[in-house]
Amino acid sequence: MSLQKLARELDETARQTASMLEGITEALEMLADKQLSKDPTVREAVQHIITALQGQDRIEQRCHNMALAVRQFALLPPTAPDSVYDEIWASLTLDELRVPALSGIAAHQAHGDAELF
């Protein structure tokens, strides 16, 4: 498999995970109904869904970041030293949990609104 094809596959994986969100968002809208949202079990289920959505967002970001790295690798000559590859990897944010703005803080907010991303 060529590196360009691998990059396209990573992009497609990110696209497919993002498309799953449409149905999940519809379910969240139903659960946000005023009557249902008073039920503590429903509120807990909403929090679980939001946490899962944040996980999907991190997967999508990782796929896009890896696709970027693969495209950069494809441009390198075969004689490129390992340090160039290491520099490309080091420039990516693959562990989004290290970035405070992407740390899933929405799951800990108490304002009552679904803060998905």
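Residues numbered from 1 in each chain as written. Predicted model: local features only at pLDDT ≥ 70, side-chain atom pairs only at ≥ 80, totals over all residues. Heavy atoms only, no water.

Caption draft 1: Inspection of the packing of aromatic side chains at higher detail. Scanning the model with the defined rule gives two aromatic pairs in all. Summarising the aromatic geometry, the rings of Phe73 and Tyr85 are spaced 5.1 Å apart at their centres and angled 50° between planes, so their arrangement reads as tilted. Here Phe73 is found in helix α3 (residues 40-75), whereas its partner Tyr85 is found in helix α4 (residues 82-90), with twelve residues between them in sequence. By relative accessible area, which is 26% here, Tyr85 ends up partly exposed. (Phe/Tyr/Trp six-rings, centres within 6.5 Å; stacked < 30°, edge-to-face > 60°. Helix = DSSP H or I, 4+ residues; strand = E, 2+ residues; numbered from the N terminus. Buried < 20%, exposed > 50% of the residue type's maximum accessible area, 1.4 Å probe, protein only.)

Caption draft 2: Molecular detail of the pattern of salt bridges. Going through the model one piece at a time under the given rule, you end up with two salt bridges. Here Asp11 makes a salt bridge to Arg71, at a shortest N to O gap of 2.6 Å. With Asp11 in helix α1 (residues 3-19) and Arg71 in helix α3, this pair connects stretches of sequence that are 60 residues apart. Given a relative accessible area of 22%, Asp11 falls into the partly exposed group. Since its relative accessible area comes to 30%, Arg71 is described here as partly exposed. (Salt bridge = Lys/Arg side-chain N within 4 Å of Asp/Glu carboxyl O.)

Caption draft 3: Quick look at the confidence of the model for the chain. When pLDDT is averaged along the chain, the result is 78, and 79% of the positions lie at 70 or above. Ranking the helices and strands of the chain by mean pLDDT puts α4 first, with 90, and helix α2 (residues 21-31) last, with 81. Every residue in residues 105-117 scores below 50 in pLDDT, and together they form 19 contacts with partners more than four places removed in sequence or on other chains. (pLDDT = per-residue confidence, 0-100. Contact = heavy atoms within 4.5 Å.)

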